[in-house]
Amino acid sequence: MKRVHVAAGIIINPEHKILLSRRLSHQHQGGKWEFPGGKVEQGETVSEALTRELEEEVNLTIFDCSLFETISFDYPDKQVLLEFMLVTDFSGNANGNEGQEIRWVEVQALNQYEFPAANQPIVTALMQQFS
Ligand SMILES: Nc1nc2c([nH]c(=O)n2[C@H]2C[C@H](O)[C@@H](COP(=O)(O)OP(=O)(O)OP(=O)(O)O)O2)c(=O)[nH]1
Ligand SMILES: [Mg+2]
């Protein structure tokens, strides 16, 4: 199985809330909450992929991002390499462009949401670092 390279944005707004997006039921890990993003395509950098995905999925334009953590994870049906990027410099009003639910969430409330298993260390680290 080929490992899927994914860019995911930890988008923090001026009120220190983080944007979550709910995966559609037909998608891999459907129904779980994620940091919006998607596959890095051939010839793209991670930040280019993230910029494109965030415009497509949640209607935000990002101006800068930095690597928070990289996680390689094997689901029974899919292998992923996730690059979690911090984003604080962006414009636009978040919208679920694909019909998905989105929510701005306090860092301390992150553990009330069900994420894909690969995200667990990220949620723990965010709650420690941004409290
Ligand atoms: N965007 C995102 N994906 C995540 C996270 N955690 C996690 O395990 N994933 C997994 C789920 C998917 O297998 C993959 C994301 O790829 P994607 O968003 O392009 O996949 P998709 O199912 O929407 O596929 P597509 O048809 O849109 O190409 O990474 C996360 O926090 N954010
Ligand atoms: Mg996606």
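Residues numbered from 1 in each chain as written. Chains lettered and ligands numbered in written order. Predicted model: local features only at pLDDT ≥ 70, side-chain atom pairs only at ≥ 80, totals over all residues.

If you check an unreviewed UniProt entry, the protein chain appears there as 8-oxo-dGTP diphosphatase from Motilimonas pumila. The UniProt entry for the protein chain carries the following text under Cofactor (unreviewed entry): "Mg(2+)". Heading Sequence similarities (unreviewed entry) of the UniProt record for the protein chain holds this comment: "Belongs to the Nudix hydrolase family." (UniProt positions renumbered as here; feature names shortened; annotations may be inferred.)

Caption draft 1: Spotlight on the site of ligand 1. The full set close to ligand 1 counts 18 residues, and Ala-8, Glu-34, Gly-37, Gly-38 and Pro-116 are the nearest of them. Put simply, the parts of the chain that give the shell around ligand 1 at least two residues each are strand S1 (4–11), strand S4 (37–39) and strand S6 (78–91). In terms of residue class, the shell around ligand 1 is made up of nine nonpolar, six polar and three charged. (Near = placed C-beta within 6 Å. Helix = DSSP H or I, 4+ residues; strand = E, 2+ residues; numbered from the N terminus. Nonpolar A, V, L, I, M, F, W, Y, C, P; charged D, E, K, R; others polar.)

Caption draft 2: Spatial organisation of the UniProt feature "binding site: Mg(2+)" (unreviewed entry) in the protein chain. Annotation from UniProt places "binding site: Mg(2+)" (unreviewed entry) at Gly-37 and Glu-57. In terms of the greatest pairwise C-alpha distance, the residues named above, spread along 21 residues, form a tight cluster of at most 7.4 Å across. C-beta crowding within 10 Å serves as the criterion here: with 26 such atoms nearby, Gly-37 is assigned to the buried category. Among the secondary structure elements, Glu-57 is positioned in helix H1 (residues 46–58). Residues within four places of Glu-57 in sequence aside, it is in contact with Ser-21, Pro-36, Gly-38, Asn-97 and Glu-98. (Buried ≥ 20, exposed ≤ 12 C-beta atoms within 10 Å, placed from the backbone. Contact = placed C-beta atoms within 7 Å.)

Caption draft 3: Quick look at H1. Compared with the 18 Å implied by 1.5 Å per residue over 13 residues, the 17 Å span of H1 between its first and last C-alpha is a close match. Those residues of H1 that are buried lie in contact with S1, strand S2 (17–22), S4, strand S5 (61–75), S6 and strand S7 (102–106). After H1 finishes, the residue Asn-59 shows a positive phi value of roughly 70°. (Expected span 1.5 Å × (residues − 1).)

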